[in-house]
Amino acid sequence: MKTSKRIPCADVRNQIETYIDGDLAEESIAVIDRHVSGCGACRREMALARRVHTALHALPPLDAPADVAERVFAQIRMERHETLRSWLFWEKKSWLAPAWCALGVAAAILLIWMGVRMVQTPEHIGTASDPEAEISLEELALAEAQTKWALGYISQVSRRTGLTVRDDIIGGRVAGALQQNVEKTVRP
Amino acid sequence: MRAFKKLVDRYQQRIYGFSFYFVGNREDAEEITQNVLLSIWRHGHEVKPDSLSAWIMRVTRNACLDALRKRQAYREGIVAEDEDMALADTVVGDDNPEQTVENAELRRLMEEALQRLNEPYRTIVILREIQAMTYEEIQQATELRINTVKEYLHRGRQMLRVHLQGISGYENL
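## What to know about the overall build of chain B
Thinking step 1. A count of helices and strands for chain B gives eight helices and zero strands.
Thinking step 2. Counting from the amino terminus, helix and strand elements in chain B follow one another as α-α-α-α-α-α-α-α.
Thinking step 3. Pairs at least 24 apart in sequence give 68% of the contacts found in chain B among residues at least 6 apart.
Thinking step 4. Just so you have it, chain B exposes about 9,000 Å², and 45% of that area is on carbon and sulfur atoms.

## Here's the deal with the interface of chain B and chain A
Thinking step 1. Counting from both sides, the interface comprises 39 residues of chain B and, opposite them, 33 residues of chain A.
Thinking step 2. Each partner contributes to the roughly 3,500 Å² buried at the junction of chain B and chain A, and carbon and sulfur atoms together form 63% of this total.
Thinking step 3. Scanning the region where chain B abuts chain A turns up six salt bridges.
Thinking step 4. The partner of Arg42 of chain B in a salt bridge is Glu79 of chain A, and the shortest N-O contact between them spans 2.3 Å.
Thinking step 5. Between the two partners, chain B and chain A, sit 14 residue pairs in polar contact (both at pLDDT 80 or more).
Thinking step 6. Elements supplying a minimum of two residues to the side of chain B that touches chain A: helix H1 (2-23), helix H2 (26-43), helix H5 (97-116), helix H6 (121-130) and helix H8 (146-165) of chain B.
Thinking step 7. Its residues placed into classes, the side of chain B that touches chain A shows 21 nonpolar, nine polar and nine charged.

## Quick look at the packing of aromatic side chains
The description of an aromatic ring pair rests on the distance of the ring centres and on the angle between the ring planes.
Thinking step 1. Taken as a whole, this structure holds six aromatic pairs over all chains when the rule is applied.
Thinking step 2. Taken together, a centroid distance of 5.2 Å and an interplanar angle of 65 degrees make the contact between Phe4 of chain B and Trp41 of chain B edge-to-face. Here the residue Phe4 of chain B occupies a position in helix H1, and Trp41 of chain B occupies one in helix H2, the gap between them amounting to 37 residues.
Thinking step 3. Plain terms: the ring middles of Tyr121 of chain B and Tyr152 of chain B are 5.3 Å apart, the flat faces sit at 75 degrees to each other, and that makes the pair edge-to-face. Taken together, the positions of Tyr121 of chain B in helix H6 and Tyr152 of chain B in helix H8 put the pair 31 residues apart, joining distant regions of the chain.
Thinking step 4. Each member of the aromatic cluster is reached from another via a ring pair, and the members are Phe73 of chain A together with Phe4 and Trp41 of chain B.
Thinking step 5. Above the face of the Phe73 of chain A ring, Lys5 of chain B is positioned so that its terminal group lies 5.1 Å from the ring centre.

## Considerations on the nonpolar core
Thinking step 1. In terms of nonpolar packing, the biggest core is built from 61 residues, with Leu114 and Leu160 of chain B touching the most fellow members.
Thinking step 2. It is helix H3 (residues 52-71) of chain B that provides the largest number of residues to this core, a total of eleven residues.
Thinking step 3. Each of domain 1 (1-84) and domain 2 (97-173) of chain B gives at least three residues to this core.
Thinking step 4. For Leu160 of chain B, the contacting residues outside a window of four places in its chain are Val52 and Leu56 of chain A together with Met110, Ala113, Leu114, Leu117 and Val125 of chain B.
Thinking step 5. Ranked by size, the runner-up nonpolar core spans twelve residues in total, among them Tyr19, Ile20, Leu24 and Cys39 of chain A.

## Here we look at the packing of H1 of chain B against H2 of chain B
All names here are of chain B.
Thinking step 1. Running from amino to carboxyl end, H1 crosses H2 at an angle of 145 degrees, the nearest separation of the two axes being 8 Å. For the crossing formed where H1 meets H2, the hand is right-handed. Facing H1, whose interface residues are Phe4, Leu7, Val8, Gln12, Ile15, Tyr16, Ser19, Phe20 and Val23, H2 presents Arg26, Asp28, Ala29, Glu30, Ile32, Thr33, Val36, Leu37, Ile40 and Trp41.
Thinking step 2. Looking at side-chain class alone, the contact of H1 with H2 contains 13 nonpolar, three polar and three charged residues.

## Some thoughts on the confidence of the model for chain B
Residue and element names in this part refer to chain B.
Thinking step 1. Here chain B averages 80 in pLDDT, and 78% of its residues register 70 or above.
Thinking step 2. When pLDDT is averaged over each helix and strand of chain B, the minimum, 42, is found for helix H4 (residues 81-89) and the maximum, 92, for H2.
Thinking step 3. Note that pLDDT drops below 50 for residues 77-94; the model gives that stretch 29 contacts with residues more than four away or on any other chain.
Thinking step 4. Scored as a complex, the prediction yields pTM 0.61 and ipTM 0.71.

## Details of helix H1 (residues 9-20) of chain A
Thinking step 1. Between the first and last C-alpha of H1 of chain A there are 16 Å, a value that for twelve residues agrees with the 16 Å anticipated at 1.5 Å per step.
Thinking step 2. Of all the positions in H1 of chain A, only Val12, Ile16, Glu17, Thr18, Tyr19 and Ile20 of chain A are classed as buried.
Thinking step 3. Among the structural elements, helix H2 (26-38) and helix H3 (40-58) of chain A together with H8 of chain B are those in contact with the buried residues of H1 of chain A.

## Here's the deal with the side chain of Gln12 of chain B
Thinking step 1. Tracing the chain through its elements places Gln12 of chain B in helix H1.
Thinking step 2. Judged by its relative accessible area of 14%, Gln12 of chain B is buried.
Thinking step 3. Every residue in contact with Gln12 of chain B, bar those within four places of it in the chain, is listed here: Ala64 and Ala69 of chain A together with Leu7, Thr33 and Leu37 of chain B.

## Things to note about the environment of Glu119 of chain B
Residue and element names in this part refer to chain B.
Thinking step 1. Relative to the assigned elements, Glu119 resides in the loop between H5 and H6.
Thinking step 2. Polar side-chain contacts of Glu119 include one of 2.6 Å to the side chain of Arg61.
Thinking step 3. At a separation of 2.5 Å, a polar atom in the side chain of Glu119 contacts the side chain of Thr123.

## Things to note about empty space enclosed by the protein
All names here are of chain B.
Thinking step 1. As enumerated under the stated definition, the model contains one cavity of 30 Å³ or more in all.
Thinking step 2. Reported here for the largest cavity is a volume of approximately 30 Å³.
Thinking step 3. Together, Phe18, Met57, Arg58, Arg61, Thr123, Leu127, Ala141 and Thr142 line the largest cavity.
Thinking step 4. Elements represented by at least two residues in the lining of the largest cavity include exactly H3, H6 and helix H7 (135-142).
Thinking step 5. At three residues, H3 tops the list of elements feeding residues into the lining of the largest cavity.
Thinking step 6. In terms of residue class, the lining of the largest cavity is made up of four nonpolar, two polar and two charged.
Thinking step 7. Summarising the domain contributions, the lining of the largest cavity has at least three residues from each of domain 1 (1-84) and domain 2 (97-173).

Cut-off values and rules
Residues numbered from 1 in each chain as written. Chains lettered and ligands numbered in written order. Predicted model: local features only at pLDDT ≥ 70, side-chain atom pairs only at ≥ 80, totals over all residues. Heavy atoms only, no water. Helix = DSSP H or I, 4+ residues; strand = E, 2+ residues; numbered from the N terminus. Contact = heavy atoms within 4.5 Å. Areas by Shrake-Rupley, 256 points an atom, 1.4 Å probe, with all protein chains shown as cover. Buried area = accessible area lost by both parts, 1.4 Å probe. Salt bridge = Lys/Arg side-chain N within 4 Å of Asp/Glu carboxyl O. Polar contact = N/O pair within 3.5 Å; in protein donor to acceptor, adjacent residues only side chain to side chain. Nonpolar A, V, L, I, M, F, W, Y, C, P; charged D, E, K, R; others polar. Phe/Tyr/Trp six-rings, centres within 6.5 Å; stacked < 30°, edge-to-face > 60°. Lys NZ or Arg CZ within 6 Å of the ring centre and 35° of its normal. Core = buried A, V, L, I, M, F, W, Y, C linked by side-chain atoms within 4.5 Å. Buried < 20%, exposed > 50% of the residue type's maximum accessible area, 1.4 Å probe, protein only. Domains from an automatic or database assignment. Axes fitted to C-alpha atoms, helices over the stretch in contact; angles between N-to-C directions. Left-handed = near helix turned anticlockwise from the far one by under 90°. pLDDT = per-residue confidence, 0-100. Expected span 1.5 Å × (residues − 1). 1 Å grid on protein atoms, 1.4 Å probe; cavity = no way out; pocket = protein on both sides within 12 Å on 5 of 7 lines; lining within 4 Å. Points joined across faces, edges and corners; volume = space filled by probe spheres on them.

Laid out in structure tokens, this is it:
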């Protein structure tokens, strides 16, 4: 009992947590041990502190439900889709979406190039039977068909992914224009 | 996307666990976890790799505080009954039914006591005692000095003892 009076209860209680964490110097541990062995109140406090410590460590870390991550991935997919959509369909109903503008410009350049080339060198347009010709009518027809198929494929893919495809743009402004221009150039 | 999925695998448990013990209910914890993961997706690349873990915990803690402010649950310390059951279900290796009940009760008390802790004690107690983070990790996450972290941890546990003594059922501890 004498040793328990060497240190006040308040000091012991202030050091209980450090004691439990094992951060006290050996001398201090001995002092507290002596006090606690002779002081019922501090002994109970120490016991409670140990239980709190143990109970906290026993709390499970907990797994997040699997659908939390799934919801996040779904949200990201949706945001990406929206980004793509806004990029492709600038202001939604406007056919001046950047992607279609780029496609239209590319098609126009192709047509101009083909037209100029054919106007300048009509003798180079021949038939498949003419091996000297640079471009045959069959090749032009094939190129036209391939271009139309490619544009149609873009339309299908976009529709499958849920994008509202402007068929009238592809058909009327791009594919149709391409076809007419080529036909006009080849068969003036 | 693959790198992000790895981050999700690595951190979602920590985020959810922290959030659950911080806000005290599953629905909020799920929503917080979801929002924090989205923040990682949107802003994680802006953070230096060595600081990512601490940044995530700061974002999580802020999200928890926001959730508490929004729902005004801070003072109420609501713990739904089904959460107790959920926790009881997570007990591993308790073959003794009485022990299982006692453990579940103990967890309920601890959760309730945790809800009564003020900041930053609650954060530090959860990070250190439940999530077993190192003092260095906590220092980075809280931007406090290690000695301060230790001091707050000890005070936090002291406060938990005081709170436990004020909770009905503590006598059975």
